Amino acid sequence: MFDFVDGAAGAEVGEGLNRSAIREIRLQPRVLVNVEGRSLKRRFLGQDMGLPFGIAPMGMCNLTWPGADNMLAAEAMRRGIPVGLSTAASTSLEHMHAMAPGRAWFQLYVAQSRQAAMRLVDRAEASGYEVLILTVDVPQVSRRIRDLRNGFQIPFRMGARQFFDFAFHPRWSIGTLLHGAPKVANFEAEQDGKGFTRGESRGSTDWAFLDELRMRWTGKLVVKGVLSPDDAVRIRDAGADAVYVSDHGARQLDATPAAIHALPRIRAAVGPDYPLIFDSGLRSGEDIVKALALGADFVMLGRPLLYAIGADGARGLSTLVDVLADDISVTLAQIGLKRVEDIDSRVLVNAPAELPTGAELPTDGGKDAKPAPAARMVEG
Ligand SMILES: Cc1cc2nc3c(=O)[nH]c(=O)nc-3n(C[C@H](O)[C@H](O)[C@H](O)COP(=O)(O)O)c2cc1C
């Protein structure tokens, strides 16, 4: 189960690259700024967020710890942050919405058939979801070597190796059995002649489907798994409310560019005001500040939250969120800012050429301005 969470595509070079690229980014310390009373709040997609990061949609979280999805939902409610609920989750979308009303965002895969996908969309609407994330970077589930070696598959198959693994981890095994072995909870058991298998193609998700979905879904629509500026512009023009820049934590294409390198290019392409979400490789509050400086309006975390749950259940999750929030706050103080909303490319030591420099950033709060640029905080 650890390998399923921690692993990535192929030789896992892309996953290491995601993190090393973020590590190389440097922030500019500023001094003698009054940074008392800092705020981590942020408004995004019409919602007030308690923190600038949320919980990425992840399938089969309950494998990590019995009731993991309930813990994620409770944490999202407590902190005022979004929690993604994957089509491949082990909790039904109706149940998740009931646990995290207004905070749960439904993530759609087009598996089984387009008709089945649209039925999921209708269920999401009927349950009261306000935000739908269409994930487009899994036309086919990639080869993950660790999963192959471990014989990990969904639906689950028990062999000798799994039997011994379970026997050597009794706390997890008994807890999981008592709670009911996790299963995919949103796929229709036998729809259009097909049940769900994880490796099945999702390759029919195309531009025509995006248009169809945009017509059907009246809530906010986010498209996840975008790395090309051209794709991002076309998605914006197709009427999506936000682009979610991500390489799926390098779980799909090992040869992916570091996702963080795509972010400023996409920001430059879609313009200063278009909503962008980012994930892939963020591991600390400093990392989150870096992504916001490189053009993200909001970020998501994946694996770290499941590591925390795997280590210490709900308490582990809460502790990690505290640590990340503290880390962001301390980082703000170091770079001379009071509010996450004030972060822009001027906090970077070497801002990428695509992003406007401090001199070019609007300071008059006009329509195209990003809110409250850093220099005003520093000088004022
Ligand atoms: C165990 C696991 C399951 C995932 N399942 C999904 C999924 O069902 N749908 C989806 O859009 N992304 C899925 N992702 C990708 C995450 O949403 C996110 O893009 C990625 O984890 C971010 O990278 P990070 O783990 O380095 O933070 C999954 C990630 C993990 C670790």
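Everything in this summary refers to the structure shown in the same document.

Section: the overall build of the protein chain
In terms of helices and strands, the protein chain carries 14 helices and 10 strands. Against the 2.2 N^0.38 benchmark of 21 Å for 380 residues, the protein chain shows a C-alpha radius of gyration of 21 Å, consistent with a compact globule. For the protein chain, the spread of C-alpha atoms along the three principal axes comes to 65 × 45 × 40 Å. By the burial criterion, 54% of the 380 residues in the protein chain qualify as buried. For the protein chain, long-range pairs separated by at least 24 residues make up 74% of all intrachain contacts whose partners lie at least 6 apart in sequence.

Structural notes on the site of the ligand
Taken together, 22 residues form the shell around the ligand, and within it Pro57, Ser86, Thr135, Asp279 and Gly281 come nearest. Gln107 has a polar side-chain atom sitting 2.9 Å from a nitrogen atom of the ligand. At a separation of 3.5 Å, an oxygen atom of the ligand approaches a polar side-chain atom of Ser246. Out of a free accessible area of 600 Å², the ligand has 98% covered by protein chains.

Observations regarding the packing of helix H7 (residues 160–168) against helix H8 (residues 170–179)
Packed helices, taken two at a time, are described by the angle their axes make and the gap between the axes. Put simply, H7 and H8 touch, their axes get as near as 5 Å, and they point 100° apart. In this view, H7 runs roughly perpendicular relative to H8, as classed from their interaxial angle. Judged by residue contacts, Phe166, Ala167 and Phe168 of H7 engage Pro170, Trp172 and Ser173 from H8. Of the residues in the contact of H7 with H8, the class split is 5 nonpolar, 1 polar and no charged.

Re the side chain of Ser142
Secondary-structure assignment places Ser142 in the loop between strand S6 (131–135) and helix H6 (145–150). From its side chain, Ser142 meets the backbone oxygen of Arg251 in a polar contact 2.7 Å long. Beyond its immediate chain neighbours, meaning those up to four positions away, Ser142 contacts Ala9, Arg251 and Gln252.

Description of helix H10 (residues 229–237)
For H10, the set of buried residues is Pro229, Ala232 and Ile235. Buried positions in H10, seen along its axis, are confined to an arc of 120° and lie on one side of it. Exposed residues on H10 whose side chains face more than 90 degrees from its buried face are Asp230 and Asp237. Where H10 is buried, its residues touch helix H9 (207–216), strand S7 (220–226), strand S8 (242–245) and helix H11 (259–270). Two or three places before Asp230, at the start of H10, stands the capping residue Ser228, its side-chain oxygen 3.2 Å from that residue's backbone nitrogen. Looking at the residues trailing H10, positive phi occurs at Gly239, about 100°.

Observations concerning the packing of helix H3 (residues 68–79) against helix H13 (residues 303–334)
Running from N to C, H3 and H13 point in directions that differ by 5°, and their axes come no closer than 11 Å. Between H3 and H13, the angle falls in the class roughly parallel. Touching Ala68, Met71, Leu72, Glu75, Arg78 and Arg79 of H3 are Leu305, Leu306, Ile309, Gly313, Ala314, Leu317, Ser318, Val321 and Asp322, all from H13. Its residues assigned to classes, the contact of H3 with H13 shows 9 nonpolar, 2 polar and 4 charged.

A word on the packing of aromatic side chains
Under the criterion given, the structure shown has 6 aromatic pairs. Residues Phe44 and Phe298 carry aromatic rings whose centres are separated by 5.4 Å and whose planes lie at 5° to one another, so their mutual orientation is stacked. Here Phe298 lies in strand S10 (residues 298–301) and Phe44 lies in strand S1 (residues 42–44), a separation of 254 residues in the sequence. Accessibility classification places Phe44 together with Phe298 in one group, the buried group. The ring of Tyr109 carries Arg202 above its face, with NZ or CZ at 4.3 Å from the centroid.

A closer look at the pattern of salt bridges
One pass over the structure, following the stated rule, counts 21 salt bridges. Where Glu15 meets Arg283, a salt bridge forms, and the shortest distance between an N and an O atom there is 3.5 Å. Of this pair, Glu15 sits in helix H2 (residues 13–24) while Arg283 sits in the loop between strand S9 (276–278) and helix H12 (285–293), placing them 268 residues apart in sequence. For Glu15, a relative accessible area of 9% puts it in the buried group. Two residues, Arg236 and Asp237, come together in a salt bridge whose shortest N-O distance is 3.0 Å. The exposure class assigned to Arg236 is partly exposed, which follows from its relative accessible area of 27%.

Concerning unusual backbone geometry
A positive phi angle, near 55°, is found at Met60, a position not held by glycine. Along the polypeptide, Met60 turns up in the loop between strand S3 (53–55) and H3. Positioned with a positive phi, Ala250 is a non-glycine residue whose angle comes to about 55°. Inspection of the secondary structure puts Ala250 in the loop between S8 and H11. Accessibility expressed as a relative area gives 0% for Ala250, which makes it buried.

Conventions adopted
- Residues numbered from 1 in each chain as written.
- Predicted model: local features only at pLDDT ≥ 70, side-chain atom pairs only at ≥ 80, totals over all residues.
- Heavy atoms only, no water.
- Helix = DSSP H or I, 4+ residues; strand = E, 2+ residues; numbered from the N terminus.
- Rg over C-alpha atoms; globule rule 2.2 N^0.38 Å.
- Buried < 20%, exposed > 50% of the residue type's maximum accessible area, 1.4 Å probe, protein only.
- Contact = heavy atoms within 4.5 Å.
- Near = heavy atom within 4 Å.
- Polar contact = N/O pair within 3.5 Å; in protein donor to acceptor, adjacent residues only side chain to side chain.
- Areas by Shrake-Rupley, 256 points an atom, 1.4 Å probe, with all protein chains shown as cover.
- Axes fitted to C-alpha atoms, helices over the stretch in contact; angles between N-to-C directions.
- Parallel < 35°, antiparallel > 145°, perpendicular 65-115°, else oblique.
- Nonpolar A, V, L, I, M, F, W, Y, C, P; charged D, E, K, R; others polar.
- Arc of directions from axis to C-beta.
- Phe/Tyr/Trp six-rings, centres within 6.5 Å; stacked < 30°, edge-to-face > 60°.
- Lys NZ or Arg CZ within 6 Å of the ring centre and 35° of its normal.
- Salt bridge = Lys/Arg side-chain N within 4 Å of Asp/Glu carboxyl O.

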